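Listed below are the residues making up each chain.
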Amino acid sequence: NTTIIRSNYLTPEGILFYDESVKLYENLSHELDFNVMFSQRGHLTLAHNDSSLRTMRWRAEVNQLQGVNSSVIGPAEIKKLVPYMDLSDHPRYPVVGALYHPPGGIIRHDAVVWGYAHEADRLGVHIHQKTEVMGINVEQGRVTGGETTQGLIKTGTVLNATAGWCTLIANMVDLPLPIETRPLQACVTEPLKPFLDVVIVSGTLHFYLSQSDRGELVMGAEVDPFTSYSLDSTLTFIEGLAGHVLELFPSLAPVRILRQWAGLCDMTPDYSPIMGFTPVQGFLLDVGWGTYGFKAGPVSGKRMAELIASGRTPDLIAPFNYERFFSGKLVGEKGAAAVGH
């Protein structure tokens, strides 16, 4: 994960959902009594041609209609926010504008996990680490328990909230999922003096860039163009990414890559998650998050907990139901998640 938090999505359903998550993140340090280091420094999605600029205006209008702070700005305003970016006509893909989203930013991802784990433990939640699920027991269409490496757990409710292996878990109850698993690679550079105050994303060049509180540049691109469970880093990825970043930030040429890694992402056809009930009674889904699940962690957890406690689907997550792939009521977010961040 690459720490980016935002709510400037494309569909009204997606915008409202992620906006609630941003608001939960804003209060998370207080709620968990743990500093999660949320820096709302602003998020810029670059447009390199007229078609991209039209899409940014579309997104800005839909965002504003849902009460989310987003607007389209020109090169002069971008230059004030990112003075070190090449905004001349020399790059192969000149920047003609951007979608500016001030509430967006970055957060310390490990601090979020530590804070949640600490509070869950304080409230009496049992977290079983290094425990593999070997099977899920179903009788007459209803979940009755789960087999693990530490024994049987009797339960009438199982929530599949895995990333990378959600289809394998669903196969345990014979539930097909319209999901492909693809690797996602990222990297960080050596620490630099602070110079980048906003998050930069380019859907055309397929890269994102931000600077951490330690001075490292966190960079990445779209998921790999093939399905795989491989966690290997590749030279092809780093060469392509570096070339695109240097088109807009040529001064970074001498900077060294510090480390590179890969993770697994579960991608749905419409680039939106699957949340809620399934035809198997007691088997629930919170999967298909692609590359944007971390930014939705608080809201998906809150609303799925509400669903489990009440037995009904909250309106906010109703559009992301499993049945939409059979009814054709997709929530198409690819236009706002093509780079995945």
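What this report covers is the structure whose coordinates are included nearby. Bear in mind that the values here come from a model prediction, so they are computed numbers and not experimental data. (Residues numbered from 1 in each chain as written. Predicted model: local features only at pLDDT ≥ 70, side-chain atom pairs only at ≥ 80, totals over all residues. Heavy atoms only, no water.)

1. Side note on the layout of surface pockets
Rolled over the atoms, a probe sized like a water molecule indicates the empty space that remains. Volume-wise, the second largest pocket comes out at about 340 Å³. Taken together, 21 residues make up the lining of the second largest pocket; nearest its centre are Thr3, Arg108, His109, Ser212 and Arg214. Listed by contribution, the elements that provide at least two residues to the lining of the second largest pocket are helix H5 (109-122), strand E12 (207-211) and strand E14 (257-267). Of the residues in the lining of the second largest pocket, the class split is six nonpolar, eight polar and seven charged. (1 Å grid on protein atoms, 1.4 Å probe; cavity = no way out; pocket = protein on both sides within 12 Å on 5 of 7 lines; lining within 4 Å. Points joined across faces, edges and corners; volume = space filled by probe spheres on them. Helix = DSSP H or I, 4+ residues; strand = E, 2+ residues; numbered from the N terminus. Nonpolar A, V, L, I, M, F, W, Y, C, P; charged D, E, K, R; others polar.)

2. Topic: the environment of leucine 44
Looking at where leucine 44 falls in the secondary structure, it is placed in strand E2 (residues 43-47). Residue classification places leucine 44 among the buried positions, given a relative accessible area of 0%. Between the C-alpha atoms of leucine 44 and methionine 56, which are twelve residues apart in sequence, the distance is 10 Å. Once residues lying within four places of it in the same chain are set aside, the contact partners of leucine 44 are Ile73, Ile78, Leu81, Val82, Ala98, Leu99, Tyr100, Val198, Val199, Ile200 and Val201. (Buried < 20%, exposed > 50% of the residue type's maximum accessible area, 1.4 Å probe, protein only. Contact = heavy atoms within 4.5 Å.)

3. Re the pairing of strand E4 (residues 97-101)
Most of E4 is tucked away, with five of its five residues classed as buried. Residues Gly97, Leu99 and His101 of E4 are buried on one face, and the alternating residues Ala98 and Tyr100, pointing to the opposite face, are buried as well. By the bridge criterion, five bridges tie E2 to E4 in an arrangement that is antiparallel. Paired with alanine 47 across the two strands is glycine 97, which belongs to E4. Taken together, the three bridges between strand E3 (residues 71-73) and E4 define a ladder with antiparallel strand orientation. Note that in E4 the partner of valine 72 across the bridge is leucine 99. (Pairing = 2+ DSSP bridges.)

4. Considering the packing of aromatic side chains
Two aromatic rings, taken as a pair, are described by how far apart their centres are and by the angle between their planes. Considering all chains together, one arrives at ten aromatic pairs under this definition. Between tyrosine 9 and tyrosine 18, the aromatic rings sit 4.0 Å apart at their centres with planes inclined by 5°, giving stacked as the arrangement. Each of the two residues, tyrosine 9 as well as tyrosine 18, counts as buried. Among the aromatic residues, those joined into a cluster by ring pairs are Tyr9, Phe17, Tyr18, Trp289, Tyr292 and Phe320. Looking at arginine 6, its charged tip hangs above the ring of tyrosine 9, at a distance of 4.3 Å from the centre. (Phe/Tyr/Trp six-rings, centres within 6.5 Å; stacked < 30°, edge-to-face > 60°. Lys NZ or Arg CZ within 6 Å of the ring centre and 35° of its normal.)

5. Notes on helix H7 (residues 235-248)
Helical geometry note: an α-helix holds 3.6 residues per turn, so side chains three or four residues apart project in the same direction. Helix length check: H7 (14 residues) gives 21 Å between terminal C-alpha atoms against 20 Å at 1.5 Å per residue, within 8%. Residues of H7 that are buried include every one of Phe237, Ile238, Leu241, Val245 and Leu248, and no others. Summarising the axial view, the buried residues of H7 lie within an arc of 95°, below the 170-degree limit, and thus occupy one face. Those residues of H7 that are exposed and angled more than 90 degrees off the buried face are Leu235, Thr236 and Glu239. Elements that come into contact with the buried residues of H7 comprise E2, strand E10 (180-189), E12, strand E13 (217-220) and E14. Where H7 begins, one side-chain oxygen reaches toward the backbone nitrogen of phenylalanine 237, 3.2 Å away; that side chain belongs to threonine 234. (Expected span 1.5 Å × (residues − 1). Arc of directions from axis to C-beta. Polar contact = N/O pair within 3.5 Å; in protein donor to acceptor, adjacent residues only side chain to side chain.)

6. Some words on the nonpolar core
By size, the foremost hydrophobic cluster in this structure holds 28 residues, and its most contacted members are Leu44, Ile200 and Phe249. The biggest single contributor to this core is H7, with five residues. The next biggest cluster of nonpolar side chains, apart from the first, holds 27 residues, and it includes Leu24, Val223, Met267 and Phe320. (Core = buried A, V, L, I, M, F, W, Y, C linked by side-chain atoms within 4.5 Å.)

7. Quick look at the sheet that holds E13
With mixed pairing, the eight strands of this open sheet are ordered in space as E3-E4-E2-E11-E12-E13-E10-E14. Both outer strands of the open sheet, E3 and E14, are each paired with one neighbouring strand and no more. Adjacent strand axes in the sheet meet at a mean angle of 20°, parallel and antiparallel pairs treated alike. Where E12 lies against E13, four bridges are found, and the strand directions are antiparallel. By the bridge assignment for E13, glutamine 211 is matched with leucine 217. (Axes fitted to C-alpha atoms, helices over the stretch in contact; angles between N-to-C directions.)

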